[in-house]
Structure formats: structure tokens, C-alpha cells
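Each chain, written out:
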Amino acid sequence: YCWICNGNFICQRALDCPIMPNSTCRLLSNGYKFNIDWDSSISYRPCCFFPESQKLDASAAQHQEFRQQLNAIDSYTSNTCNDCNFQENSTLRKTFRNHSFDWVPEDAELGDASYLEIQTDNTCNGGCIICGPWHSSYWQNELKQFSKKPKEDPVEKILSFIDIQKTKKILFLGGEPFLNDVDLRILPLIDQPENVNLKYTTNGSIYPSQSHIDQWNRFESVLINFSLDGIGSRFDYIRY
């Protein structure tokens, strides 16, 4: 039932409705990827492919305007969603857009943080050729380039911005996620972990601690992706 349209039917105004989640991609209405910017501030966007972001320290009005702008996007026609359109037209792989309807529940309201990607700690023990100082402290030390450390505690900042109890799927990224405690600070705060899916992307060099395993036992599922691009000398070159 929609109190704006005053009816219980398939809404024809879904793309510009101020309360209904986006009907073409639920990440536009309910996705949050948090990361550190070049100026050490924290920003978010709906997914890792989306080109525009909003600073976390923006005003409440700016956050609301940004989310409503995202929610008004038709992902099938907008240039901002070219990545998903290209992948769907050229491969058989499901895109983030396809998955968004699995990750965001049907009863989610506009702005609920149903899907999270957290990439706010760049501590890493690898200098992978596909990466750089923007996501690796190893690269920063090697190149003697900037150190992106947020001015404020990113975990506290994120938790004060979203309602973690609305979250259904969390992806933890790095750096190397098993070299920081970002997830161990967030997971104990989730009241109904049996309804939440976790995902990690790791280089495979760090074994998760017992604290991780104890937390994981509370959750619906845990998926660990290993970034492995070859074997032998080829792997050593790519994943230095």
C-alpha cells in the first residue's frame, strides 16, 4: 500500500517515488559502498561500479537528495550503469543489478542499508600488480606515496550513519580484511545474524582468527572469495 498514490497496485511512478525502492536496481535505493577518498574523508555510493559518491560528513538534506537522485535512475538507460548493461549484454554472468533483488528484501524501504560494502582499512601485506596505493599499505610504503587514513573512526562513523539492523548482506574488503578488525567490531552489534549473509575478498595469505570463526557461526552464511590469478611464477608476479 502506498500512502502517496493512495492505492495498492503496481506503481507507475516507481522511478520518482520518494519512498518506493528503485524498481530497476535495488542497490540504487538500498546499497552502500563505504570507502576512503584521496582527502582521507569517508564517502559512499550504491555499489563499486557507480561513478558518483557522497561524502559521509554531508548534511542530512544532501544525503536525502543524493539517495532520491539515485532512486530516480533507470539503470537500463542511464550511462551511470553502463557496467551492468555491458556485462549483461556480453556475458552470462549475473550482475550486481541482478543480484540486488536477492540482496534487498521486498519490504525494504528507500534508504535502508540492506547491502553494505566496507573498504575503509587499506592495511595489506601484498603489492599486487592489479592494485596500488589506494587499496594497499604495502604499495604506499613501496612508492612512498600518501597514506589514506580517515580523520575519524570509520566504523563509528558508518554505524552512526546507517541502521545496521536493516542490513541483510555485508561484503568486507581491504587491503586485506583479515589484517584489520573492521568486521569484528561490526558483527557483534547485529541483533539477528541468522538473517544476514557475509562475504569477504582475501588474498589467501592470512588465516581468519578464532574470533572470526566464533562470529561466523552466528550468521546465515559466510562466503570467502580468494583473489588468485595464476600459479607458480605467474602468480608470484601478479600477486607479489
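Okay, so let's go over this structure. (Residues numbered from 1 in each chain as written. Predicted model: local features only at pLDDT ≥ 70, side-chain atom pairs only at ≥ 80, totals over all residues. Heavy atoms only, no water.)

1. What to know about the pairing of strand β2 (residues 42-45)
Consecutive side chains of a regular strand alternate in pointing toward one face of the sheet and then the other. Selection criterion: Accessible area is worked out with a 1.4 Å probe on protein chains only. A residue is then buried under 20% of its type maximum, exposed over 50%, and partly exposed in between. Strands are runs of DSSP state E lasting at least 2 residues, helices are runs of H or I lasting at least 4, and numbering of each runs from the N terminus. Paired strands, as defined in this entry, are two strands with at least two bridges between them according to DSSP.
Because side chains alternate across β2, one face comprises the buried residues I42 and Y44, and the other comprises S43 and R45, equally buried. Pairing geometry for strand β1 (residues 31-36) and β2, over four bridges, is antiparallel. Looking across to β2, one finds that K33 is bridged to R45. The loop that links β1 with its antiparallel partner β2 comprises five residues; one of these, S40, has a positive phi angle of about 70 degrees.

2. Looking at the packing of helix α3 (residues 82-90) against helix α4 (residues 96-103)
Definition in use: Comment: axis = line fitted to C-alpha atoms, over the contacting stretch for helices; angle = value between 0 and 180 degrees taken between N-to-C directions. Should an angle fall under 35 degrees it is taken as roughly parallel, and over 145 as roughly antiparallel, whereas 65 to 115 is taken as roughly perpendicular and any remaining angle as oblique. Residue contacts follow a heavy-atom distance rule, with two residues in contact if any of their heavy atoms lie within 4.5 Å.
Contact geometry of α3 with α4 gives a least axis separation of 9 Å together with a crossing angle of 105 degrees. The angle between α3 and α4 places the two elements in the roughly perpendicular class. Every residue of α4 that contacts α3 at C84, N85 and E88 is listed here: F96, R97 and N98.

3. Considering the pattern of salt bridges
Between side chains of opposite charge, a pair can form when the charged atoms approach closely. Here is the rule: Basic side-chain nitrogens of Lys or Arg form a salt bridge, by our definition, when they fall within 4 Å of a carboxyl oxygen of Asp or Glu.
Scanning all chains against the criterion turns up eight salt bridges. For the salt bridge of E117 with K33, the shortest nitrogen-to-oxygen distance reads 3.8 Å. In this pair, E117 is assigned in strand β4 (residues 115-119) and K33 in strand β1, connecting sequence segments 84 residues apart. For the pair E117 and K33, a shared accessibility class is recorded, and that class is buried.

4. Description of a nonpolar patch on the surface
Threshold: A patch is a set of surface residues, each over 30% in relative accessible area and not in a salt bridge, joined within 9 Å for like charges and within 5 Å for the nonpolar side chains Val, Leu, Ile, Met, Phe, Trp and Tyr. Residue-level accessible areas treat just the shown protein chains as cover; the underlying method is Shrake-Rupley with a 1.4 Å probe.
Residues I129, I130 and Y237 make up a contiguous nonpolar surface patch of roughly 340 Å² in combined accessible area. Tracing the sequence through the fold places I129 in the loop between β4 and α5 (137-143). Residue classification places I129 among the partly exposed positions, given a relative accessible area of 42%.

5. Notes on the sheet that holds strand β5 (residues 169-172)
The strands making up a sheet associate through backbone hydrogen bonding, with each pair oriented either parallel or antiparallel. The seven strands lie next to each other as β3-β2-β1-β4-β5-β6-β7, forming an open sheet whose pairing is mixed. The open sheet has two edge strands, β3 (54-55) and β7 (221-226), and neither has a second partner. Relative to strand β6 (residues 197-202), β5 is paired through four bridges, and the arrangement is parallel. If you follow I170 over to β6, its bridge partner there is L198.

6. What to know about helix α6 (residues 154-161)
Put simply, the rule reads: Think of the arc as the fan of directions from the helix axis to the C-beta atoms. Within 3.5 Å is the distance limit for a polar contact, defined as a pair of N or O atoms, with the added protein rule that one can donate a hydrogen and the other accept it, and that residues adjacent in sequence qualify only through two side-chain atoms.
Among all positions in α6, only P154, V155, K157 and I158 are buried. Down the axis of α6, the buried side of the element spans an arc of 165 degrees, and every buried residue falls inside it. In α6, those exposed residues whose orientation departs by more than 90 degrees from the buried face are E156 and S160. Against the buried residues of α6 lie β1, β2, β4 and α7 (182-186). Regarding α6, its N-cap is D153, as a side-chain oxygen of that residue lies 3.1 Å from the backbone nitrogen of V155 further along.

7. Some thoughts on the packing of aromatic side chains
Put simply, the rule is: Between the rings of Phe, Tyr and Trp (Trp by its six-membered ring), a pair exists once the centres lie within 6.5 Å; its type follows the angle of the planes, with under 30 degrees stacked, over 60 edge-to-face, and the other angles tilted.
This model, assessed by the stated rule, comprises 16 aromatic pairs. Geometrically, the ring pair formed by Y138 and Y240 is edge-to-face, given 6.1 Å between the ring centres and 75 degrees between the ring planes. With Y138 in helix α5 and Y240 in the segment after α9 (232-238), the pair connects residues that are 102 residues apart, well separated along the chain. An aromatic cluster is present here, built from Y32, F34, Y44, F66 and F161 joined pairwise through their rings.

8. Some points on the environment of G175
Relative to the helices and strands, G175 is located in the loop between β5 and α7. On the accessibility criterion, G175 (19% relative accessible area) is buried. A C-alpha to C-alpha distance of 22 Å links G175 and Q54, two positions 121 residues apart in sequence. Sequence-distant contacts of G175, defined by excluding residues within four places in its chain, comprise D121, N122, T123, C124 and H135.

9. Some points on the pairing of β4
In terms of burial, β4 is a largely internal element, five of the five residues being buried. In terms of strand pairing, β1 meets β4 through five bridges, oriented parallel. Bridge pairing links G31 to Y115 in β4. In the sheet, β4 pairs with β5 via four bridges, with the strands oriented parallel.

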